[in-house]
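Spelled out from the first residue to the last, the chains are:
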Amino acid sequence: MNGPTLDQLQSAVGRFSRYTAAEAAWTALREATAPAIDPAAAGHRGALLTWLNAAGCRIRYPRPGEPDPFDSGVALWWQRRGGELPAPGVTLTELDDAGIERVALCFAELSATPASLARRPRPLGPTAAAKLLHALRPQAVMPWDAAIAQALHSGRDGAAFAGHQRLGRAWGRAMLDEAGTDESSLAAQLGVTGRPLAKMLDDYCYLTLTVGWSAGASTPAG
């Protein structure tokens, strides 16, 4: 799959803005965790769980008196791996290969982290893990869902996630070269001031691969 042109990216981010529930859930997460998400804080972990479920991840909330695998699992993962994520403000286009491999390692461990109770604890899984990592580092990590991962990488493990970040980095650098500007200026140019390029590229992937939309279409297919 080729990356988008600037015109296609602008069409995608404009179309995605119609998903008002998703945008409202993201705003609510940012407000609940201002000035920055800190997974060491129990309240922030709760806000992340609420946001993930609003984004369609369907992680069961614990009943009164039950253990909370998501809360304890994310807290432990953050203790072990939080320091390996890119520094806040680092963008996907700035990551080197070593940085991407560290992100993939963080992803693989987070994906396997117990998150909800059933007959036995269920892991967070690759879609929710990707979304959570993006929430923590929105400028540096391009998320995915099952349809995007399968279409682009034929898998959802750590190696595939590293490949997804490398693909996004290449697309992003091509976008910046075409625009002749930096990421913040590009977002303003496309009418989405402050939106990370990693998220704009995810908007494009979601619409084209998950929804079946094509640039120039008035409504998504399917």
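Residues numbered from 1 in each chain as written. Predicted model: local features only at pLDDT ≥ 70, side-chain atom pairs only at ≥ 80, totals over all residues. Heavy atoms only, no water.

**Some details on the overall build of the protein chain**
- Of regular secondary structure, the protein chain possesses 10 helices and two strands.
- When the helices and strands of the protein chain are placed in sequence order, the string is α-α-α-α-α-β-β-α-α-α-α-α.
- The globule rule puts the C-alpha radius of gyration for 222 residues at 17 Å, and the 17 Å found for the protein chain is close to it.
- Across its three principal directions, the C-alpha atoms of the protein chain cover 55 × 40 × 35 Å.
- As presented, the protein chain carries roughly 10,400 Å² of accessible surface, and 51% of it is formed by carbon and sulfur atoms.
- The distance from the centre of the 21 positive side-chain charges to the centre of the 21 negative ones in the protein chain is 9 Å. (Helix = DSSP H or I, 4+ residues; strand = E, 2+ residues; numbered from the N terminus. Rg over C-alpha atoms; globule rule 2.2 N^0.38 Å. Areas by Shrake-Rupley, 256 points an atom, 1.4 Å probe, with all protein chains shown as cover. Lys, Arg positive; Asp, Glu negative; His and termini not counted. Charge placed at Lys NZ, Arg CZ, Asp CG, Glu CD.)

**Focus on the packing of aromatic side chains**
- All told, the structure shown has nine aromatic pairs when counted by the stated rule.
- Judged by centre distance (6.1 Å) and plane angle (45°), the ring pair of Trp77 and Trp78 falls under tilted. For the pair Trp77 and Trp78, a shared accessibility class is recorded, and that class is buried.
- Taking 6.3 Å as the distance between ring centres and 85° as the angle between the ring planes, the aromatic pair formed by Trp171 and Tyr204 counts as edge-to-face. Here the residue Trp171 occupies a position in helix α8 (residues 158–179), and Tyr204 occupies one in helix α10 (residues 197–211), the gap between them amounting to 33 residues.
- The buried category is assigned to Tyr204, whose relative accessible area is 8%.
- An aromatic cluster of three or more residues is present, and its members are Phe16, Tyr19 and Tyr206.
- Positioned over the ring face of Phe16 is Lys199, at 4.1 Å from the centre of the ring. (Phe/Tyr/Trp six-rings, centres within 6.5 Å; stacked < 30°, edge-to-face > 60°. Buried < 20%, exposed > 50% of the residue type's maximum accessible area, 1.4 Å probe, protein only. Lys NZ or Arg CZ within 6 Å of the ring centre and 35° of its normal.)

**So, the nonpolar core**
- Leu52, Ile59, Phe70, Leu124 and Leu132 are the most contacted members of the largest nonpolar core, which has 63 residues in total.
- Ranked by the residues each element gives to this core, the list is headed by α10, at eight residues.
- Setting aside residues up to four positions removed in sequence, Leu124 forms contacts with Leu52, Ile59, Phe70, Leu110, Ser111, Thr113, Ala115, Ala129 and Leu132. (Core = buried A, V, L, I, M, F, W, Y, C linked by side-chain atoms within 4.5 Å. Contact = heavy atoms within 4.5 Å.)

**A few points about the layout of surface pockets**
- Put simply, the largest pocket is a space of about 570 Å³.
- When contributions to the lining of the largest pocket are tallied by element, the ones reaching two or more residues are α2 (20–32), α3 (42–54), α6 (126–136) and α10.
- With five residues, α2 is the single largest residue contributor to the lining of the largest pocket.
- Taken together, the residues of the lining of the largest pocket break down into 16 nonpolar, three polar and six charged. (1 Å grid on protein atoms, 1.4 Å probe; cavity = no way out; pocket = protein on both sides within 12 Å on 5 of 7 lines; lining within 4 Å. Points joined across faces, edges and corners; volume = space filled by probe spheres on them. Nonpolar A, V, L, I, M, F, W, Y, C, P; charged D, E, K, R; others polar.)

**Digging into the pattern of salt bridges**
- In this structure the tally under the stated criterion is 12 salt bridges.
- Where Arg60 meets Glu66, a salt bridge forms, and the shortest distance between an N and an O atom there is 3.3 Å.
- Looking at Arg60, the relative accessible area reads 29%, which means it is partly exposed.
- With relative accessibility at 28%, the residue Glu66 sits in the partly exposed group.
- Taken together, the shared-partner salt bridges in this structure form one network comprising Glu23, Arg195, Lys199, Asp202 and Asp203. (Salt bridge = Lys/Arg side-chain N within 4 Å of Asp/Glu carboxyl O.)

**Points about the side chain of Thr33**
- Relative to the helices and strands, Thr33 resides in the loop between α2 and α3.
- Under the relative-accessibility criterion, Thr33 is labelled buried at 1%.
- Among the polar contacts listed, one links the side chain of Thr33 to the backbone oxygen of Leu29, at a separation of 2.7 Å.
- Leaving out residues up to four positions away in the same chain, Thr33 has contacts with His44 and Ala47. (Polar contact = N/O pair within 3.5 Å; in protein donor to acceptor, adjacent residues only side chain to side chain.)

**Focus: unusual backbone geometry**
- Residues Ala34 and Pro35 are joined by a peptide bond in cis, for which omega reads 5°.
- Its identity is not glycine, yet Arg58 carries a phi of approximately 60°, on the positive side.
- Position of Arg58 relative to the elements: it lies in the loop between α3 and α4 (69–81).
- Classification of Arg58 by relative accessible area gives exposed; the value is 78%.
- In this structure, Ser154 is a non-glycine residue whose phi angle is positive, near 55°.
- For Ser154, the position within the fold is in the loop between α7 (146–153) and α8.

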